[in-house]
Every structure is written in C-alpha cells, then in structure tokens.
Amino acid sequence: MADPTDKNKEDELAGTEQPFVQHLMELRDRLLYCVYGLVVAGILLAIWPGPAGLIDMIAVPIRAHMPPDAKLIAIGVFSPFFVPLKVLGMTAVLLALPWLMYQCWMFVAPGLYSHEKKFALPLIFFGSLLAYGGIAFVQFFVLDKMFGFIQKFTPPSVNATPDISSYVEAILSLYIAFGVAFQVPIVVMLLVRFELVTIEKLRSFRGYFIVLAFVVAAVLTPPDVVSQLALAIPMCLLYEVGIIGARYFTKYSHKPPEESADSAQS
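The following refers to the structure shown. (Residues numbered from 1 in each chain as written. Predicted model: local features only at pLDDT ≥ 70, side-chain atom pairs only at ≥ 80, totals over all residues. Heavy atoms only, no water.)

## Considering the overall build of the chain
Stated formally: Where helices and strands are cited, they refer to DSSP runs of H or I of at least four residues and of E of at least two residues respectively, numbered from the N terminus. Only heavy atoms matter for contacts: two residues are in contact if any of them lie within 4.5 Å across the pair. We get accessible surface area from the Shrake-Rupley algorithm with a probe of 1.4 Å; when it comes to residues, only the shown protein chains can shield them.
Helix and strand counts for the chain come out as 12 helices and zero strands. Here the contacts in the chain between residues at least 6 apart in sequence split such that 85% fall between residues at least 24 apart. Of the roughly 15900 Å² of accessible surface on the chain, a fraction of 72% belongs to carbon and sulfur atoms.

## Some remarks on helix α4 (residues 79-95)
Convention followed: One less than the number of residues in a helix, times 1.5 Å, gives the span that helix is expected to have. For the exposure calls, accessible area comes from a 1.4 Å probe over protein chains only, and a residue counts as buried if that area is under 20% of its type's maximum, exposed if over 50%, partly exposed in between.
Its 17 residues place the ends of α4 24 Å apart at the C-alpha level, agreeing with the 24 Å of an ideal helix rising 1.5 Å per residue. The complete set of buried residues in α4 reads Ser-79, Val-83, Pro-84, Val-87, Leu-88 and Ala-92. In this structure, the buried residues of α4 make contact with α1 (20-47), α2 (50-58) and α7 (164-181).

## Looking at helix α6 (residues 114-151)
Structural remark: α-helix, 3.6 residues per turn; residues separated by three or four positions point the same way. The following threshold applies: Bending is quantified residue by residue as the angle between axes fitted to the seven-residue window ending at that residue and the seven-residue window starting at it.
Between its terminal C-alpha atoms α6 stretches 54 Å, which fits the 56 Å expected from 38 residues at 1.5 Å a residue. At Val-142, α6 shows its strongest bend, of approximately 40°.

## Focus on the nonpolar core
Threshold: What is meant by a nonpolar core is a set of buried Ala, Val, Leu, Ile, Met, Phe, Trp, Tyr and Cys residues, joined one to another through side-chain atoms within 4.5 Å.
In this structure, Ile-58, Leu-143, Tyr-167, Val-168, Tyr-175 and Phe-178 are the most contacted members of the largest nonpolar core, which totals 54 residues. In this view, Leu-143 contacts Pro-61, Val-138, Tyr-167, Ile-171, Leu-174 and Tyr-175; residues no more than four positions away in its chain are not counted. Grouped together as the second largest cluster of nonpolar side chains are five residues, Trp-105, Ala-109, Leu-112 and Ile-124 included.

## Considerations on the environment of Asp-224
Heads up, the condition is: Two N or O atoms form a polar contact when they lie within 3.5 Å of each other; inside protein one atom must be a possible hydrogen donor and the other a possible acceptor, and for residues adjacent in sequence the pair counts only when both atoms belong to side chains.
Tracing the backbone shows Asp-224 in the loop between α10 (206-220) and α11 (225-253). Taking C-alpha positions, Asp-224 is 8.1 Å from Phe-149, a pair spaced 75 residues apart along the chain. Only 2.7 Å separates the side chain of Asp-224 from the side chain of Ser-227, close enough to count as a polar contact.

## Considering the side chain of Arg-30
Mapped onto the elements of the fold, Arg-30 is located in helix α1. Within the structure, Arg-30 has its side chain in polar contact with the side chain of Gln-103 (distance 2.8 Å). The residues touching Arg-30, leaving out its near neighbours within four places in the chain, are Gln-103, Met-106 and Phe-107.

## A short note on the pattern of salt bridges
This is how it is decided: By definition, a salt bridge exists where a carboxyl oxygen of Asp or Glu is found within 4 Å of a side-chain nitrogen of Lys or Arg.
Counted by the stated rule, this structure contains three salt bridges. Arg-30 is the partner of Glu-26 in a salt bridge, and the nearest nitrogen-oxygen pair spans 2.8 Å. Of this pair, Glu-26 and Arg-30 are both found in helix α1, four residues apart, which corresponds to roughly one turn of the helix. Assessed through its relative accessible area of 15%, Arg-30 is described here as buried. In this structure, Glu-240 engages Arg-206 in a salt bridge whose closest nitrogen and oxygen atoms are separated by 2.5 Å. Pair noted here: Glu-240 is in helix α11 and Arg-206 is in helix α10, with a separation of 34 residues, a long-range link. With relative accessibility at 26%, the residue Glu-240 sits in the partly exposed group. Judged by its relative accessible area of 30%, Arg-206 falls in the partly exposed class.

Structure (structure tokens):
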C-alpha cells in the first residue's frame, strides 16, 4: 500500500512543460551551437595541420605499400581542391563530435528525470570514445594490413597509384563503418536499460550475433579478408563488453523507489 504522504509529492518534471514555439527556438539555438562548433573545429584544422596536412596523414597507410617515389594521383580537374576540403569537413565533424552530442543532450535534458541525466553524459563520453577508437583502429591497423594484403596481388607489370578521390571515399566509408560498429556496447546497454531485451536473451543471441557481425562486415568493408575480420571480431568482443556493462548500467540507472511511486500516481 502506498504511503499517504506520497500523494503530496510532485513529479520533478511538473511545471517544466514548454510550448511548441519555445521547443523550436531551443532547437534552433542548439543547431546554431552545433554550427559554431563545426566552424571553430574547421578553423583550427585549417590552421594546423591544414587540408594538405590532413591528406598527407591519411595517405600514410597506403604510401607505406607503394614504391618510394610514388604518389597518389588526382584524375579529376577539381580533385586537388575539393578532396582536401572534404577531408577537412569530415575531420571537423569528428573533432566536434563530443560537442555535437552534448548539444543533443542539452536539447532533451529538460524532459529527463534526474536519474536519466546521470547516465546520459557518461553515454555521450563513452560513445564518443568508442567512435574515436574505431577510427583510430582503422587508421593505425586496418588500413596498413588491408593495403599490405591487397598489394600482394598486384602484378609486377601494374603500377598501383590510386586516385586520391577514390582513396578518400574508401577510407571515409571505413571510418564511418567502424565508428558506428564500435557503438555496439552502447546499443546493447540501452536495449537492456529500456527493457526491450534481457541479458539472458542477449547471451542466447550470441551465436546469431557472430553470424550477423560477419554479414555486416562483408557488406560495409571492401572485399578483402583482412578488413572484414578486423570489423567482425571487434564487434563480437564489444558485444560481450555491452553485456557485461549492461548489468552494471541497469543497476545504477533505474529510477529511485520514491520517483517510481510518483510516476505511478501521476
């Protein structure tokens, strides 16, 4: 039986409702903050290392497997101009990613309970860290192994000098694929937290997820064994990390007993 004194308690969100126009103004402000963050990140990257410097950085893995004097080529007339700007824009998004996710959180924060706010910020930090980890994994491990594997099949009569535009598109797709795939622990913890699945069901689904991980890797990565294994194996490991983390995440992010009682009465 509920405590009669609970009837006098008010929901902590009571009185925080905002009109639709105010929501739109808040959304506009958050979008502007996101744009400001991207502009600042772009300016900083343009100053150092600059568009050309960014191209040189991302070209390190493939140039390590090319002849000493070989360079990437630019087939398109405007490729030397637009490709570095494209890389600069994508890098600015990655640099400002925590700020962008923070603005999303600030937009939805007024509608969250206190216990929900406590786990939102750690998820933003953890998600950004996983995205950076996936991109770093591509840059410092996957690309080197992948190009080394591919170059072994290049005939001696063929001079492998890739086009800069196609090279940038290929590695950017890998960055996005690994950055998203490395969010598996976040997805698993949220599914358990919102009671869409249980930890027991996730454990029983383990074998199916392994098959799913290899299917996803085959679709998202180039048709070489190295990059496919490099994506599928970490996804399987991160799935296990998500199961372990979900146990602690749900334990410390549930509603307090008094808050649950208030919600039931409202």
